[in-house]
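Single-letter residue listing:
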Amino acid sequence: MRKFFSSRNLVILVICLVLSIGLISATAAMRSRRARPTLIQRVSNDVAGFGNTVLSVPANGVGGFFSSVRDLLNTYQENNYLKSRVHRLNSTEVQNQALKSENQQLKKQLKLNATLTDYNKINATVLNRTPSNWQQQLIINKGSLAGVKKNMSVVVDQGLVGRISEVNATNSKVELITDSGDDASRFAVQVAGEKQTINGLISGYNNANSELEMGNLTANDKIKKGTPVMTSGLGGITPKGLYVGKVTSVSGTAGGTASQINIKPAADTKTITAVTVIEKK
Amino acid sequence: MKKQIRQQLLFPSGLILAFFLEGIIMKLFSSSLAGTFPMVPYLTLLWLIDGTLFWGSQHARMLYWAAFLMGAWYDSYFIGVIGIYMFIFPLVVYVTRLLLVYVDENLIGATMIYLIDIIIVLLLGYAGGRIGHLVYFSGIHFMAFAFGPTLGLNLILFLVLYYPIKRLFEFINNRS
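Reading guide: rules and limits
- Residues numbered from 1 in each chain as written.
- Chains lettered and ligands numbered in written order.
- Predicted model: local features only at pLDDT ≥ 70, side-chain atom pairs only at ≥ 80, totals over all residues.
- Heavy atoms only, no water.
- UniProt positions renumbered as here; feature names shortened; annotations may be inferred.
- Helix = DSSP H or I, 4+ residues; strand = E, 2+ residues; numbered from the N terminus.
- Contact = heavy atoms within 4.5 Å.
- Pairing = 2+ DSSP bridges.
- Axes fitted to C-alpha atoms, helices over the stretch in contact; angles between N-to-C directions.
- pLDDT = per-residue confidence, 0-100.
- Polar contact = N/O pair within 3.5 Å; in protein donor to acceptor, adjacent residues only side chain to side chain.
- Phe/Tyr/Trp six-rings, centres within 6.5 Å; stacked < 30°, edge-to-face > 60°.
- Buried < 20%, exposed > 50% of the residue type's maximum accessible area, 1.4 Å probe, protein only.
- Expected span 1.5 Å × (residues − 1).
- Bend = angle between axes of the 7 residues up to and from the residue.
- Core = buried A, V, L, I, M, F, W, Y, C linked by side-chain atoms within 4.5 Å.
- Salt bridge = Lys/Arg side-chain N within 4 Å of Asp/Glu carboxyl O.
- Patch = residues over 30% accessible without salt bridge, like charges linked within 9 Å, V, L, I, M, F, W, Y side chains within 5 Å.
- Areas by Shrake-Rupley, 256 points an atom, 1.4 Å probe, with all protein chains shown as cover.
- Buried area = accessible area lost by both parts, 1.4 Å probe.
- Nonpolar A, V, L, I, M, F, W, Y, C, P; charged D, E, K, R; others polar.

- An unreviewed UniProt entry lists chain B under the name Rod shape-determining protein MreD, from Fructilactobacillus florum 8D.
- Regarding chain B, the relevant UniProt record gives this comment under Subcellular location (unreviewed entry): "Cell membrane".
- Listed in UniProt under the heading Sequence similarities (unreviewed entry), the comment for chain B reads: "Belongs to the MreD family."

- Under an unreviewed UniProt entry, the name given to chain A is Cell shape-determining protein MreC, and the organism recorded is Fructilactobacillus florum 8D.
- Per UniProt, chain A carries the Function (unreviewed entry) text "Involved in formation and maintenance of cell shape."

Below is the structure:
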């Protein structure tokens, strides 16, 4: 009978274990420090991205068919709802225009060239999602060639969904806002309390009810349910004024300090097909 | 000659296809796969194990290399940190080959081997993620929410695909 572990196999196993831990730590450290991964990694990722794009076409066709059928069934209800929204939207748009031009004039008078709310946009399609149950990451089809850089913010129509964590030539990885791993960078956000603005960080994600947790609060104030939460622009990486979600509850009031605000994210991070990458001007 | 090339090509090309499909399926069905119970359809692993079972008895060296390289690619493209699946995939091939000495290759035997492999991948993968500071799930949460459903999903996938893949390998091997 074969021995379960021959000494040669044991040596190989130990060497592999050491190599594995070493490689993981080394690449993880490099990933958080370097703007782009190593050349070999970039090339292999670009090759993979190309293959993925080719295979995505028929796959998206199949997926698109199912969602089209679903959309068709919802059309009537949605149409009614949208009609009611369109009227309101028109007036908001006009008002927005007026405010925008007024804002520009005021900025000119104050000689403010670039503020925290100015940004450029890059549109991208989602190639795939990381097949992992302990990491929430997307891979999108735009990379450094399109001007994507590390740490740019990523939004969909409804709001903020994450930030760029790795850039290759033709694709990049997006770390979702719901990924609150040890190494994930935190988003600086703010919410209007009854008396003052409260600043904090997105500190976690509750998988059970899909709610974000906002911690490290700077002030103690009453917050109404449904108050919108925006990025604060503090920290200098994320632009100001990106919509994150709505407050659902405030929990953990130990010693009178609201230690955590629960947020219903505006964007559903589970069904993202296209994103916009935002670059601060 | 042609037959030989066909035999040699089926395994690697299937592996690459499974690799891409894994990410695409994860994206298309992310509303149910990345929900409260995070699940992953480990298609690359499935093909790797099926290849070991139906094809690998004479191709051990190529199998290990394929597992190693595919693991490295998987790490680089999907995870972003190298060194996790790069070593888990060859280990799983080793374990499968080891168990094949004691267990007959039939539906029940293969399923048991696959279950053991999946458990190894889940636990070591999570451990690897922890070392790389990538994990957003606590260990208890992982065991409670992700472990069982992922095991179940992959078991179903394996059972559904067992005979088709077996027939495919037999078809390619026997066709003149």
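Picking up after the structure, the text goes on.
1. Comments concerning the UniProt feature "transmembrane region" (unreviewed entry) in chain B
Thought 1: The feature "transmembrane region" (unreviewed entry), as annotated in UniProt, sits at residues 9-29, 77-95, 107-128 and 140-165 of chain B in this numbering.
Thought 2: Between the C-alpha atoms that bound residues 140-165 of chain B the distance is 35 Å, and the span itself is 100% helix and 0% strand.

2. Brief notes about the environment of Leu145(A)
All names here are of chain A.
Thought 1: Counting through the fold element by element, Leu145 comes out in the loop between strand 2 (137-140) and strand 3 (153-156).
Thought 2: C-alpha separation for the pair Leu145 and Asp179, spaced 34 residues apart in sequence, amounts to 26 Å.
Thought 3: For Leu145, the residues in contact, after removing those within four places along its chain, are Ala169 and Thr170.

3. Comments concerning the sheet that holds strand 3 of chain A
Residues and elements named next belong to chain A.
Thought 1: With antiparallel pairing, the six strands of this closed barrel are ordered in space as 1-2-5-4-3-12. Recorded for the sheet is a direction-independent mean angle of 45° between the axes of neighbouring strands.
Thought 2: When strand 3 meets strand 12 (residues 274-280), the two strands line up antiparallel, connected through three bridges. From the neighbouring strand, Ser153 faces strand 12, where its bridge partner is Ile278.

4. Section: the confidence of the model for chain A
Thought 1: Of the residues in chain A, 93% reach a pLDDT of 70 or more, and the chain-wide mean stands at 84.
Thought 2: Predicted confidence in chain A is weakest over strand 11 (residues 257-265) of chain A, with a mean pLDDT of 80, and strongest over strand 2 of chain A, with 92.

5. Points about the side chain of Thr27(A)
Thought 1: Note on placement: Thr27(A) falls in helix 1 (residues 7-33).
Thought 2: Among the polar contacts made by the side chain of Thr27(A), one reaches the main-chain carbonyl oxygen of Leu23(A) at a distance of 2.6 Å.
Thought 3: Within the structure, the side chain of Thr27(A) is placed 3.2 Å from the backbone oxygen of Ile82(B), a separation counted as a polar contact.
Thought 4: Beyond its immediate sequence surroundings of up to four residues, Thr27(A) is in contact with Val81(B) and Ile82(B).

6. Considering the packing of aromatic side chains
Residues and elements named next belong to chain B.
Thought 1: Per the counting criterion, the structure on display carries 22 aromatic pairs over all chains.
Thought 2: Here Phe11 and Trp55 contribute two aromatic rings whose centre-to-centre distance is 4.8 Å and whose plane-to-plane angle is 15°, an arrangement assigned as stacked. Separated by 44 residues along the polypeptide, Phe11 in helix 1 (residues 2-28) and Trp55 in the loop between helix 3 (43-54) and helix 4 (60-79) bring together distant segments of the chain. We note that Phe11, like Trp55, is buried.
Thought 3: Ring centres 4.9 Å apart and planes at 65° place the aromatic pair Tyr74 and Tyr85 in the edge-to-face group.

7. Digging into helix 1 of chain B
Thought 1: Along its 27 residues, helix 1 of chain B runs 37 Å from first to last C-alpha, staying within 8% of the 39 Å computed at 1.5 Å per residue.
Thought 2: At Leu9(B), helix 1 of chain B shows its strongest bend, of approximately 30°, with the proline Pro12(B) following within four residues.

8. Quick notes on the nonpolar core
Thought 1: Ranked by internal contacts, the top residues of the largest apolar core, which has 82 residues, are Trp134(A), Phe11(B), Phe19(B), Tyr42(B), Leu45(B) and Tyr85(B).
Thought 2: Discounting residues that sit within four places of it in the chain, Phe11(B) has contacts with Trp47(B), Leu48(B), Gly51(B), Trp55(B), Leu63(B), Ala66(B) and Phe169(B).
Thought 3: Val154(A), Val156(A), Ile164(A) and Val167(A) belong to the second largest nonpolar core, which has 18 residues in total.

9. Things to note about the pattern of salt bridges
Residue and element names in this part refer to chain A.
Thought 1: Applying the stated criterion across every chain, the model contains five salt bridges over all chains.
Thought 2: Residue Lys149 is joined to Glu279 by a salt bridge in which the shortest nitrogen-to-oxygen separation is 3.0 Å. Taken as a pair, Lys149 in the loop between strand 2 and strand 3 and Glu279 in strand 12 lie far apart in primary sequence, 130 residues in all.
Thought 3: The class for Glu279 is partly exposed, based on a relative accessible area of 22%.

10. Examining a nonpolar patch on the surface
Thought 1: Taken together, Val62(A), Phe65(A), Phe66(A), Val69(A) and Leu73(A) make up a surface patch of nonpolar side chains, about 550 Å² in accessible area.
Thought 2: A residue is classified by how much of its surface remains accessible, and Val69(A), at 38% relative accessible area, is partly exposed.

11. Some points on the pairing of strand 1 (residues 119-129) of chain A
Residues and elements named next belong to chain A.
Thought 1: Bridge count for strand 1 against strand 12 is seven bridges, and the pairing is antiparallel. When the bridges of strand 12 are listed, Asn120 appears paired with Glu279.
Thought 2: As paired elements, strand 1 and strand 2 share three bridges and run antiparallel to each other. Note on strand 2: the bridge partner recorded for Asn128 is Ile139.

12. A short note on the environment of Leu134(B)
Thought 1: As for its placement among the helices and strands, Leu134(B) is situated in the loop between helix 6 (107-131) and helix 7 (139-174).
Thought 2: Note on Leu134(B): relative accessible area 8%, which makes it buried.
Thought 3: In this structure the C-alpha to C-alpha distance between Leu134(B) and Gly80(B), which are 54 residues apart in sequence, comes to 9.6 Å.
Thought 4: Those residues within four positions of Leu134(B) in sequence are excluded, and the remaining contacts are Arg31(A), Trp134(A), Gln135(A), Asp179(A), Gly181(A), Ile79(B), Val81(B), Ile84(B) and Gly129(B).

13. Here's the deal with the interface of chain A and chain B
Thought 1: Taken together, the contact pairs 55 residues of chain A with 52 residues of chain B.
Thought 2: With both chains or domains summed, chain A and chain B bury close to 4,800 Å², and 63% of this area falls on carbon and sulfur atoms.
Thought 3: Its largest share of buried area at the contact with chain B, chain A owes to Pro131(A), Asn133(A) and Trp134(A), together 20% of the area lost on that side.
Thought 4: At the junction of chain A and chain B, the tally comes to zero salt bridges.
Thought 5: If you look at where chain A meets chain B, you find 18 residue pairs in polar contact (both at pLDDT 80 or more).
Thought 6: Among the secondary structure elements, those contributing two or more residues to the side of chain A that touches chain B are helix 1, helix 2 (39-110), strand 1 and strand 2 of chain A.
Thought 7: Ranked by residue count, the leading element in the side of chain A that touches chain B is helix 2 of chain A, at 13 residues.
Thought 8: Counted by class, the side of chain A that touches chain B contains 20 nonpolar, 26 polar and nine charged residues.

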